[in-house]
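Listed below, chain by chain, are the residues.
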Amino acid sequence: MIRDWLKAGVIEAGKKFAPTEEGVPQGGVISPLLLNVALHGLEEAAGVRYATGGTRAGQTASQSPAVIRYADDLVALCHTREQAEQVKERLTAWLAPRGLAFNQDKTRIVHLDEGLDFLGFSLRRYRNGKLLIKPSKTAIRRIRRRLAVEMRRLRGSNAQAVLATIVPITRGWATYYRGVVSQRVFNTMDEYLWKLTYKWAKYSHTNKPKFWIVKTYYGQFNPARQDRWVFGHRHSGAYLPKLAWTPIVRHQLVPGRASPDDPTMTQYWADRRRRNKPPLDNATLRLLKAQHGRCPLCGDYLLHTNREPDSPQQWEQWLTGTRKAITRQNLSLTAHGPDNIRLLHTSCHRRHTGTSRDPAPLHL
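Residues numbered from 1 in each chain as written. Predicted model: local features only at pLDDT ≥ 70, side-chain atom pairs only at ≥ 80, totals over all residues. Heavy atoms only, no water.

Colleague: Explain the pairing of strand E7 (residues 131–135) here, please?
Modeller: Along any regular strand the residues' side chains alternate between the sheet's two faces. Examined bridge by bridge, strand E6 (residues 121–125) and E7 share five bridges and lie antiparallel to one another. Residue pairing for E7: Arg125 is matched across the bridge by Leu131. Hairpin connection from E6 to E7: five residues lie between these consecutive antiparallel strands, with Gly129 at a positive phi of about 85 degrees. (Pairing = 2+ DSSP bridges. Helix = DSSP H or I, 4+ residues; strand = E, 2+ residues; numbered from the N terminus.)

Colleague: When you look at the sheet that holds E7 in this model, what are you seeing that I'm missing?
Modeller: The strands making up a sheet are joined through hydrogen bonds of the backbone, oriented either antiparallel or parallel. What the three strands build is an open sheet, ordered E5-E6-E7; its pairing is antiparallel. Of all strands in the sheet, those bounded by a partner on one side alone are strand E5 (116–118) and E7. Along the sheet, successive strands turn relative to each other by an average axial angle of 25 degrees, direction set aside. (Axes fitted to C-alpha atoms, helices over the stretch in contact; angles between N-to-C directions.)

Colleague: So what exactly am I meant to see when it comes to the side chain of Ser136 here?
Modeller: Secondary-structure assignment places Ser136 in the loop between E7 and helix H5 (137–153). Under the relative-accessibility criterion, Ser136 is labelled buried at 3%. Those residues in contact with Ser136 that lie beyond four places of it in its chain are Asp117, Gly120, Phe121 and Ser122. (Buried < 20%, exposed > 50% of the residue type's maximum accessible area, 1.4 Å probe, protein only. Contact = heavy atoms within 4.5 Å.)

Colleague: Is there a simple way to explain the pattern of salt bridges in this structure?
Modeller: Side-chain pairing between opposite charges can occur once the charged atoms of the two side chains come close. In this structure the tally under the stated criterion is six salt bridges. Salt-bridge contacts for Glu316 lead to Arg146; the nearest nitrogen and oxygen are separated by 2.7 Å. One end of the pair, Glu316, is in helix H11 (residues 312–325); the other, Arg146, is in helix H5, with 170 residues separating them in the sequence. Looking at Arg146, the relative accessible area reads 31%, which means it is partly exposed. (Salt bridge = Lys/Arg side-chain N within 4 Å of Asp/Glu carboxyl O.)

Colleague: Please explain helix H12 (residues 346–353) as it appears in this structure.
Modeller: Two residues of an α-helix separated by three or four positions point the same way, owing to the 3.6 residues in each turn. Taken residue by residue, H12 has Thr346, Cys348 and His349 as its buried positions. In a view along the axis of H12, the buried residues occupy a sector of 155 degrees, so they form one face of it. In the segment just after H12, Gly354 is the residue with positive phi, at about 75 degrees. (Arc of directions from axis to C-beta.)

Colleague: Just to check I follow, could you spell out a positive patch on the surface for this structure?
Modeller: Residues Arg124, Arg127, Lys137, Arg141, Arg142 and Arg145 make up a contiguous surface patch of positive charge. A total of four residues in the positive patch trace back to one element, the largest contributor, which is H5. Overall, Arg141 belongs to the partly exposed group, its relative accessible area being 48%. (Patch = residues over 30% accessible without salt bridge, like charges linked within 9 Å, V, L, I, M, F, W, Y side chains within 5 Å. Areas by Shrake-Rupley, 256 points an atom, 1.4 Å probe, with all protein chains shown as cover. Lys, Arg positive; Asp, Glu negative; His and termini not counted. Charge placed at Lys NZ, Arg CZ, Asp CG, Glu CD.)

Colleague: I'm lost on the packing of aromatic side chains in this one. Help?
Modeller: Geometrically, a pair of aromatic rings is defined through the distance of the ring centres and the angle of the planes. Following the criterion strictly, the structure yields 16 aromatic pairs and no others. Ring centres 5.2 Å apart and planes at 35 degrees place the aromatic pair Phe121 and Tyr176 in the tilted group. Residue Phe121 is found in strand E6, and its partner Tyr176 is found in helix H6 (residues 159–176); the two are separated by 55 residues along the sequence. Across from the ring centre of Tyr192, 4.0 Å away, lies the NZ or CZ of Arg144, which sits over that ring. Residue placement shows Lys208 over the ring face of Trp212; its charged tip is 4.9 Å from the ring centre. (Phe/Tyr/Trp six-rings, centres within 6.5 Å; stacked < 30°, edge-to-face > 60°. Lys NZ or Arg CZ within 6 Å of the ring centre and 35° of its normal.)

Colleague: How should I be thinking about the packing of H5 against helix H7 (residues 183–204) in this particular structure?
Modeller: Each pair of packed helices gets described by two things: the angle between the helix axes and the distance between those axes. One way to put it is that H5 packs onto H7 with a least axis distance of 10 Å and a crossing angle of 15 degrees. Taken together, the axes of H5 and H7 are roughly parallel relative to one another. Pair H5 / H7 crosses with right-handed handedness. On H7, the residues that touch Ile140, Ile143, Arg144, Leu147, Ala148 and Met151 of H5 are Val185, Thr188, Met189, Tyr192, Leu193, Leu196, Thr197 and Trp200. (Parallel < 35°, antiparallel > 145°, perpendicular 65-115°, else oblique. Left-handed = near helix turned anticlockwise from the far one by under 90°.)

Colleague: I'm lost on the confidence of the model for the chain in this one. Help?
Modeller: Atomic detail in the predicted coordinates should be set aside for any region of low pLDDT. Here the chain shows a mean pLDDT of 85. Residues at 70 or above account for 92%. No element of the chain has a lower mean pLDDT than strand E10 (residues 326–333), which averages 62, and none a higher one than H5, which averages 96. Counting interchain partners and residues more than four positions distant, the pLDDT-below-50 stretch residues 332–338 has four contacts. (pLDDT = per-residue confidence, 0-100.)

Colleague: What is the right way to look at helix H10 (residues 282–290) in this model?
Modeller: When we look at burial in H10, the residues that qualify are Thr284, Leu285, Leu287 and Leu288. Projected onto a plane normal to the axis of H10, the buried residues spread over an arc of 160 degrees and lie on a single side. For H10, the exposed residues lying more than 90 degrees away from the buried face are Arg286, Lys289 and Ala290. The positive-phi residue at the C-terminal boundary of H10 is His292, with phi of around 55 degrees.

Colleague: Hey, could you run me through the side chain of Thr197 in this one?
Modeller: With respect to the helices and strands, the residue Thr197 is situated in helix H7. A distance of 3.0 Å separates the side chain of Thr197 from the backbone oxygen of Trp194, its partner in a polar contact. When neighbours within four sequence positions are excluded, Thr197 is seen to be in contact with Met151, Tyr218, Phe231 and Leu240. (Polar contact = N/O pair within 3.5 Å; in protein donor to acceptor, adjacent residues only side chain to side chain.)

Next up, the structure:
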């Protein structure tokens, strides 16, 4: 059915029939879906078996290989090299009728003591027999390179522009890697970020002495942290949160064949998402809890987290979108004291106030 659909062609209103002879472009929005459909059953073909009873119910059976696949990337964890070669042969034969084959340049069999990289993570078993999962060196080089390029591009901009660009990148990256052994990497990244921000400040104020730069752009912006070397903007109070402040939340294995697409497991996935706090500041989280996550003007949810982002780029987009979509506003004065601060949608704020101007952005 998929093959027929891909070759069916396209008819647009007012235009002639256009044949589709080249398939779906790699990176297209429907490409991962079609690949998941085409590769359905790959686990069974690799010989993966699950325990059906006892305390191991839902886990892979004894001596069974385990296969992890994300789109067209996969890793098969086997007990012996012979088993790994058998799995490769089975999958090669299974993929052939589907017009697919392994990329031989990227396919290899390695011992876990040597380690391997997968989806930006480095998996390796060390001499003490302990398996550690860390951010891969390639992923670290990639984020350092991007931060350097962004900071160079921001030369001549003010501190608020720097924060608006850099904060979603660093917080998105830290949130993606908060489920593995990342504390040492986070500390190293904080040192690198300090050097980048200081270099940016020196370029922006070539005639100012060092103590003026430090006094202007660094301080204890976060009152909950005894750290006076935080980069920020003094007038607005916005600052660059350090990656090391991100709490490490150990990833919990998904049982057996549990799928987010299974309607019978909706409650399981909702409870699982609820266990991990979104990467927002504590003040925003308190307001969300007090408002039951809803906008006081329209009653709709402020955050829609049906599925968590599954890459640093998606976390960055989530943070940027959240920052633009909701704002903290003083809706009214209470009769007995302080301002009544609430979170609301930016669009609701425009309708409520009758202004076309966006409110001040929320600091996440």
